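Breakdown of the fold
For reference, the chains in residue letters:
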Amino acid sequence: MNTIPVKRPPFLSALCNLTFIGSSIGFLGYFLVSLFFEQSTELIIKYSSWHTTEALSPVYFTLLMALYALSLTGAIRMWKLHRDGFLLYTFAQLCILFIPVIWADWQAFPVTNAIFTLIFVGGYGLNLKRLK
């Protein structure tokens, strides 16, 4: 039985490659912050809108690290043209958006991340018919 290999659309390849980059950086960054939390608090205060890190803990960053790993797993599954990757990716990204809100308050909602999440979920949604 001859099977014709399914070719991944270039747009899906581009989205997956960008997700590989973004989720890998997110995973590595949150891993390092959770590992070196005490040393990272000064940088968090200096380069973010947080004025204090009392509400934050290594568990918060470990949770975000795990969600970026799940997002990366979803992108890998979509790279292999598996539909469940879309669900994994979307679930992880929505959790990444709302964990800061649940942990702190609505002031922590990542607007820029929300815009990219909408763009990427929309782009992956356009490729859903190609995923099995």
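Before reading on, note that the structure itself is shown above.
None of the values given here were measured: they were computed from a predicted structure. (Residues numbered from 1 in each chain as written. Predicted model: local features only at pLDDT ≥ 70, side-chain atom pairs only at ≥ 80, totals over all residues. Heavy atoms only, no water.)

So, about the packing of aromatic side chains. Tallying each qualifying case throughout the model produces twelve aromatic pairs. Ring centres of Tyr60 and Trp103 lie 5.2 Å apart, and the angle between their planes is 55°; on these two criteria the pair is classed as tilted. With Tyr60 in helix α3 (residues 58–79) and Trp103 in helix α4 (residues 84–103), this residue pair connects regions lying 43 residues apart in the sequence. Relative accessible area serves as the criterion here: at 6%, Tyr60 is assigned to the buried category. Ring centres of Phe98 and Trp106 lie 6.2 Å apart, and the angle between their planes is 80°; this geometry places the pair in the edge-to-face category. Grouping aromatic residues by their ring pairs yields a cluster made of Tyr30, Phe37, Tyr60, Phe61, Tyr68 and Trp103. We note Arg8 situated over the ring of Trp79; from NZ or CZ to the ring centre the distance is 3.6 Å. (Phe/Tyr/Trp six-rings, centres within 6.5 Å; stacked < 30°, edge-to-face > 60°. Helix = DSSP H or I, 4+ residues; strand = E, 2+ residues; numbered from the N terminus. Buried < 20%, exposed > 50% of the residue type's maximum accessible area, 1.4 Å probe, protein only. Lys NZ or Arg CZ within 6 Å of the ring centre and 35° of its normal.)

Remember that the coordinates give geometry; whether it matters functionally is a separate question.
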